[in-house]
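Residues per chain, in single letters:
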There are 4 protein chains.
Amino acid sequence: MTIAMSESDIEAYLDREFPQIHLGRRTFHVEEVGPMFARMRMDYHERHLRPGGTISGPSMMTLGDLALFVAILAQCGPVSLAVTTNLAFNFLRRPGPVALIAQCRLFRVGRKLAVGEVSMWSQGSDEIVCHATGTYALPSAK
Amino acid sequence: MTIAMSESDIEAYLDREFPQIHLGRRTFHVEEVGPMFARMRMDYHERHLRPGGTISGPSMMTLGDLALFVAILAQCGPVSLAVTTNLAFNFLRRPGPVALIAQCRLFRVGRKLAVGEVSMWSQGSDEIVCHATGTYALPSAK
Amino acid sequence: MTIAMSESDIEAYLDREFPQIHLGRRTFHVEEVGPMFARMRMDYHERHLRPGGTISGPSMMTLGDLALFVAILAQCGPVSLAVTTNLAFNFLRRPGPVALIAQCRLFRVGRKLAVGEVSMWSQGSDEIVCHATGTYALPSAK
Amino acid sequence: MTIAMSESDIEAYLDREFPQIHLGRRTFHVEEVGPMFARMRMDYHERHLRPGGTISGPSMMTLGDLALFVAILAQCGPVSLAVTTNLAFNFLRRPGPVALIAQCRLFRVGRKLAVGEVSMWSQGSDEIVCHATGTYALPSAK
């Protein structure tokens, strides 16, 4: 199995098509992609925090959604019109004030839908802090 | 039934405890609260956008999580230690570049958990653009 | 707005296409359908029970999935090939040993996907015991 | 790490406390348990079917809920009062008319909540047909 876009292809694509994700500072990075797989990193930054120094739920949700999209890009190529149809999150532990790693595995990429899961943990730890599952609707004309 | 905190109580509480949500500019507003109920507004702002002028999924997820928390504050009072345990979103339509309204109804507030749903639509429209359900774990010592 | 199938059309269709749901005894009934709407009843029966006389989670999940499908039939006609792509449930209270009512509201019926929610309560009560949201993929050739 | 109940302990416990799951015929089997882990098998049987010979969504949901409960029993011992608070399912492929295997991994067992995921596939295949995540509320007095 091969992939449709490499790590640097995807980073360049996100910079061009979704510059808003870097608003304030670049904190999202594509660490590795493979068949049905992606790993992202979200750097520690003030805008991701909540009281007590923990990373906010919305920042984890943003990272989860993005990791799923990046895995789909790696698998399918630049499907700009792919849209999230649903996302479900379980928040398991409060992450500390360090970078978060998100690893996405796609369960299935069909003709219409792509479905996968994302596990997140604090860099240097192996305890899952958040788990997500989600579905993207793929554009018809592929 | 009465409520534990009014709209202005809640806005003051959020400003003090969660100033990060206003980072960049104040866009989240508590429009109305009642028993087991809250309605929020998220103003249109560049940082909530995606290509094509649509409001980003993460912005809707942030609004959904916040509306649920505000309804819990109205019902239970200042439970700072309440934490989201899960959130599930269905994205139904792409909202246009206007303010979003989020209306939360709590299904149940128990001793340990509070569960509710949030419907969101573009201001001036009545088509749901996003629907969320979620659970907060409540602190034991109330 | 009109509907594509009436209550009796749908009951006849389910009897013909999905006789398994009545295995053991007929407990599922279509009470009312309307545009983007359906209400079902599940009779009290031993096979739906758990210890303590409460109705089992799987029985509520079966009812939720079916109510969503019935609302789609009412709206779209006999789409046998519609398949559930996801379902999410919140279990709020333990229902007692009486019939359950399930009311479905469709949020959106698009070209590819239909999405809706189902609220369930014990007959004669108004407290929600279970809430579901779900998505069906619709057959392409409509 | 050790476990609180073995495979045969759990089967005996389920037979005694939840005989309803075997109604019609015994189709659910505990294949293996370990720390934060359980694997179940659901035999092929007419009552689990839908037209076309595929296994019904409700049967997969029953299996998913049960696999999560069995993993919690293995980890925590006989917590009869544990109740499901939420379950979310993604249905990925239509399983054929053979036994289903369900493998559960618990993400976290806390003081109040246990959260995990379940992957299901047809016996002899390695393609996931259904994925579930869920939460159980644990009884306070342990």
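Rules of the game
- Residues numbered from 1 in each chain as written.
- Chains lettered and ligands numbered in written order.
- Predicted model: local features only at pLDDT ≥ 70, side-chain atom pairs only at ≥ 80, totals over all residues.
- Heavy atoms only, no water.
- Helix = DSSP H or I, 4+ residues; strand = E, 2+ residues; numbered from the N terminus.
- Rg over C-alpha atoms; globule rule 2.2 N^0.38 Å.
- Buried < 20%, exposed > 50% of the residue type's maximum accessible area, 1.4 Å probe, protein only.
- Contact = heavy atoms within 4.5 Å.
- Areas by Shrake-Rupley, 256 points an atom, 1.4 Å probe, with all protein chains shown as cover.
- Lys, Arg positive; Asp, Glu negative; His and termini not counted.
- Charge placed at Lys NZ, Arg CZ, Asp CG, Glu CD.
- pLDDT = per-residue confidence, 0-100.
- Buried area = accessible area lost by both parts, 1.4 Å probe.
- Polar contact = N/O pair within 3.5 Å; in protein donor to acceptor, adjacent residues only side chain to side chain.
- Salt bridge = Lys/Arg side-chain N within 4 Å of Asp/Glu carboxyl O.
- Pairing = 2+ DSSP bridges.
- Phe/Tyr/Trp six-rings, centres within 6.5 Å; stacked < 30°, edge-to-face > 60°.
- Axes fitted to C-alpha atoms, helices over the stretch in contact; angles between N-to-C directions.
- Least-squares fit on C-alpha atoms with pLDDT ≥ 70 in both.
- Core = buried A, V, L, I, M, F, W, Y, C linked by side-chain atoms within 4.5 Å.

## Things to note about the overall build of chain A
Logical step 1: What chain A contains, in helices and strands, is two helices and eight strands.
Logical step 2: Scaling as 2.2 N^0.38, a compact globule of 142 residues should have a C-alpha radius of gyration of about 14 Å, and chain A matches this with 14 Å.
Logical step 3: Projected onto its principal axes, the C-alpha positions of chain A cover 45 × 30 × 25 Å.
Logical step 4: Residues classed as buried in chain A amount to 61% of the 142 residues present.
Logical step 5: Contacts spanning at least 24 positions in sequence make up 62% of the contacts within chain A whose residues lie at least 6 apart.
Logical step 6: Roughly 5400 Å² of accessible area belongs to chain A as shown, and the carbon and sulfur atoms make up 51% of that amount.
Logical step 7: Within chain A, one finds 14 positive and 13 negative side-chain charges whose respective centroids are separated by 7 Å.

## Description of the confidence of the model for chain A
All names here are of chain A.
Logical step 1: Model confidence for chain A is summarised by a mean pLDDT of 91, while 96% of its residues fall at 70 or above.
Logical step 2: Averaged pLDDT values for the elements of chain A fall to 72 in strand β3 (residues 49–50) and rise to 98 in strand β6 (residues 100–109).
Logical step 3: Reported confidences for the modelled complex are a pTM of 0.95 and an ipTM of 0.93.

## Points about the interface of chain D and chain C
Logical step 1: The partner chain C presents 25 residues to the 26 residues of chain D that form the contact.
Logical step 2: Taken together, both faces of the contact between chain D and chain C bury some 2100 Å²; the carbon and sulfur share is 61%.
Logical step 3: The three residues of chain D that bury the most area against chain C are D:Q20, D:M61 and D:F91, which together make up 22% of that side's buried surface.
Logical step 4: Taken together, the connections running from chain D to chain C amount to four residue pairs in polar contact (both at pLDDT 80 or more).
Logical step 5: For the side of chain D that touches chain C, the elements supplying multiple residues, two or more each, are α2 (57–76) and β3 (83–91) of chain D.

## With respect to the interface of chain B and chain A
Logical step 1: Opposite the 26 residues of chain B that make contact, chain A presents 26 residues.
Logical step 2: For the pairing of chain B and chain A, the buried interface totals around 2100 Å² over both sides, and the portion due to carbon and sulfur atoms is 61%.
Logical step 3: Between the two partners, chain B and chain A, sit zero salt bridges.
Logical step 4: Where chain B packs against chain A, one counts four residue pairs in polar contact (both at pLDDT 80 or more).
Logical step 5: Contributions of two or more residues to the side of chain B that touches chain A are made by α2 (57–76) and β3 (83–91) of chain B.
Logical step 6: No other element matches β3(B), which puts nine residues into the side of chain B that touches chain A.
Logical step 7: Here strand β5 (residues 83–91) of chain A runs beside β3(B); their pairing, made up of five bridges, is antiparallel. Pairing of A:N90 across the sheet is with B:N86, part of β3(B).

## Comments concerning the packing of aromatic side chains
Logical step 1: The full count for this structure, using the stated rule, is 18 aromatic pairs over all chains.
Logical step 2: The rings of A:Y13, A:F18, A:F69 and A:Y136 are connected pair by pair, giving a single aromatic cluster.

## Digging into the sheet that holds strand β2 (residues 37–42) of chain D
Logical step 1: Strands sit in the order β1(C)-β2(C)-β4(C)-β5(C)-β6(C)-β3(C)-β3(D)-β6(D)-β5(D)-β4(D)-β2(D)-β1(D) across an open sheet of twelve strands; the sheet is antiparallel. Two strands lie at the open edges of the sheet, namely β1 (28–34) of chain C together with β1 (28–34) of chain D, each paired on one side alone. Strand-to-strand twist of the sheet, defined as the mean angle between neighbouring strand axes without regard to direction, takes the value 20 degrees.
Logical step 2: Across six bridges, the pairing between β1(D) and β2(D) is antiparallel. Across the sheet, the residue bridging to D:E32 is D:R39, located in β2(D).
Logical step 3: Along the sheet, α2(D) contacts β3 (83–91) of chain C together with β1, β2, β3, β4 (100–109), β5 (113–122) and β6 (128–137) of chain D; its crossing angle with β4(D), the most-contacted strand, is approximately 45 degrees.

## Thoughts on the relation of the copies chain B and chain A
Logical step 1: Taken as rigid bodies, chain B and chain A are interconverted by a rotation of 180 degrees and an axial shift of 0.0 Å, the fit giving an RMSD of 0.0 Å. Overall, the copies show the geometry of a two-fold rotation axis. Within chain B, B:A88 has its C-alpha nearest the rotation axis, a separation of 2.0 Å.
Logical step 2: Take the interface residues of chain B: 100% of them recur as interface residues in chain A, which is what a same-surface contact looks like.

## As for the sheet that holds strand β7 (residues 113–122) of chain A
Logical step 1: In spatial order, the strands read β1(A)-β2(A)-β6(A)-β7(A)-β8(A)-β5(A)-β3(B)-β6(B)-β5(B)-β4(B)-β2(B)-β1(B); together these twelve strands make up an open sheet with antiparallel pairing. Edge positions in the open sheet fall to β1 (28–34) of chain A together with β1 (28–34) of chain B, since each of these has one partner strand only. Each adjacent strand pair in this sheet contributes to an overall mean axis angle of 20 degrees, direction not counted.
Logical step 2: The sheet contact formed by strand β4 (residues 100–109) of chain B and strand β5 (residues 113–122) of chain B spans nine bridges and is antiparallel. Each bridged residue has a counterpart across the sheet, and for B:L100 the counterpart in β5(B) is B:S122.
Logical step 3: Across the face of the sheet, helix α2 (residues 57–76) of chain A comes into contact with β1, β2 (37–42), β5, β6, β7 and β8 (128–137) of chain A together with β3 of chain B while running at roughly 45 degrees to β6(A).
Logical step 4: Helix-sheet contacts for α2(B) involve β5 of chain A together with β1, β2 (37–42), β3, β4, β5 and β6 (128–137) of chain B, and the interaxial angle to β4(B) is about 45 degrees.

## Describing the relation of the copies chain D and chain C
Logical step 1: Least-squares fitting of chain D to chain C yields an RMSD of 0.0 Å, with the transformation described by 0.0 Å of translation along the axis and a rotation of 180 degrees.
Logical step 2: With an isologous cut-off of 70% or more, the 96% of interface residues of chain D that recur at the interface of chain C puts this contact in the isologous class.

## A word on the nonpolar core
Logical step 1: Judged by nonpolar contacts, the single largest core of 89 residues is most densely connected at C:L14 and D:L14.
Logical step 2: Looking at this core, the element that brings in the most residues is α2(D), giving 13 residues.
Logical step 3: Beyond its immediate stretch of four places on either side in the chain, D:L14 contacts D:P19, D:I21, D:V30, D:L66, D:F69, D:V70 and D:L73.

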